[in-house]
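Residues per chain, in single letters:
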Amino acid sequence: DVRSAGDWSSVAEMCDLLRAALELMYIDGYEPFEKPVDVSLEPHYKVMIFRPMDLQQLEMNISAGVYNTPQQFLHDAQWILHNCMIYNGVASPLTDVAKTMWRVCKREVSEIVLCHDCYHMSMKKTANWFTKPCVCFVEFE
């Protein structure tokens, strides 16, 4: 099920959910992926990497409204892992961190797509968030 921007109560809501998913990607060892690679220190990076991506760029894309669906965000996040594997190799400890970040991102986006209302309520942790029927449940009745 691919939701279009119109399936969200607001673009701001989807951006908030994507920001919550992004925050969870800040795991131990995230620092090399936080900002763009400094090509003055790594001159071969721009030769080897077709589409640079980092956590800061993901945040900027969210803020700029680049993503119409959570899947688009997931696609961009995958570039972090791809680029790390290409530049550092599959056996690199950095690649292990990137793989974990990717798994977190996939899990969170799948939860957002499954039921964005439940995901939103779980992030807010209101008093009845776990017992209140979500919008998706109401749609199935």
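Keep in mind it's a predicted model, so treat the numbers as computed, not measured.

Further remarks concern the environment of L94. Relative to the helices and strands, L94 resides in helix α5 (residues 93-114). In contact with L94, not counting residues within four places along its chain, are P32, F33, C84 and N88.

What follows is about the packing of aromatic side chains. Evaluated as defined, the whole model comprises four aromatic pairs. Taken together, a centroid distance of 4.9 Å and an interplanar angle of 70° make the contact between Y26 and Y30 edge-to-face. Taken together, a centroid distance of 5.7 Å and an interplanar angle of 85° make the contact between Y67 and F73 edge-to-face.

Let us look at the environment of R19. Mapped onto the secondary structure, R19 falls in helix α1 (residues 11-24). We classify R19 as partly exposed; its relative accessible area is 24%. The spatial distance from the C-alpha of R19 to the C-alpha of L58 is 9.0 Å, given a sequence separation of 39 residues. Look past the residues within four positions of R19 in its chain and what remains in contact with it is E59, I62 and S63.

Here we take up a nonpolar patch on the surface. On the surface, a cluster of nonpolar side chains totalling about 290 Å² of accessible area is made up of V47, M48 and I86. Tracing the backbone shows M48 in helix α2 (residues 45-48). Owing to a relative accessible area of 40%, M48 belongs among the partly exposed residues under this scheme.

In terms of nonpolar packing, the biggest core is built from 32 residues, with M25, L58, F73 and M101 touching the most fellow members. Every element with two or more residues in this core is listed here: α1, α3 (55-63), α4 (70-88) and α5. Ignoring anything within four residues of it in the chain, the contact list for F73 reads L18, A21, L22, M25, L58, I62, Y67, C105 and V109.

In this model α1 runs 20 Å from its N-terminal to its C-terminal C-alpha over 14 residues, within 8% of the 20 Å that 1.5 Å per residue would give. Regarding α1, the residues found buried are E13, M14, C15, L17, L18, A20, A21 and L22. Summarising the contacts, the buried residues of α1 are in contact with α3, α4, α5 and α6 (116-124).

Those residues of α3 that fall on the buried side of the exposure criterion are L55, L58, N61 and I62. All buried residues of α3 fall inside an arc of 120° around its axis, so they share one side. Of the surrounding secondary structure, the elements contacted by the buried residues of α3 are α1, α4 and α5. Just beyond α3, the residue with positive phi is G65, at close to 70°.

For the chain, per-residue confidence averages 88 on the pLDDT scale, and 84% of positions sit at 70 or higher. By mean pLDDT, helix α7 (residues 135-140) is the weakest element of the chain at 54, and α3 is the strongest at 98. Per-residue pLDDT stays below 50 along residues 1-6; that stretch engages in 14 contacts with residues further than four places along the chain or on separate chains.

Definitions and limits used
Residues numbered from 1 in each chain as written. Predicted model: local features only at pLDDT ≥ 70, side-chain atom pairs only at ≥ 80, totals over all residues. Heavy atoms only, no water. Helix = DSSP H or I, 4+ residues; strand = E, 2+ residues; numbered from the N terminus. Contact = heavy atoms within 4.5 Å. Phe/Tyr/Trp six-rings, centres within 6.5 Å; stacked < 30°, edge-to-face > 60°. Buried < 20%, exposed > 50% of the residue type's maximum accessible area, 1.4 Å probe, protein only. Patch = residues over 30% accessible without salt bridge, like charges linked within 9 Å, V, L, I, M, F, W, Y side chains within 5 Å. Areas by Shrake-Rupley, 256 points an atom, 1.4 Å probe, with all protein chains shown as cover. Salt bridge = Lys/Arg side-chain N within 4 Å of Asp/Glu carboxyl O. Core = buried A, V, L, I, M, F, W, Y, C linked by side-chain atoms within 4.5 Å. Expected span 1.5 Å × (residues − 1). Arc of directions from axis to C-beta. pLDDT = per-residue confidence, 0-100.

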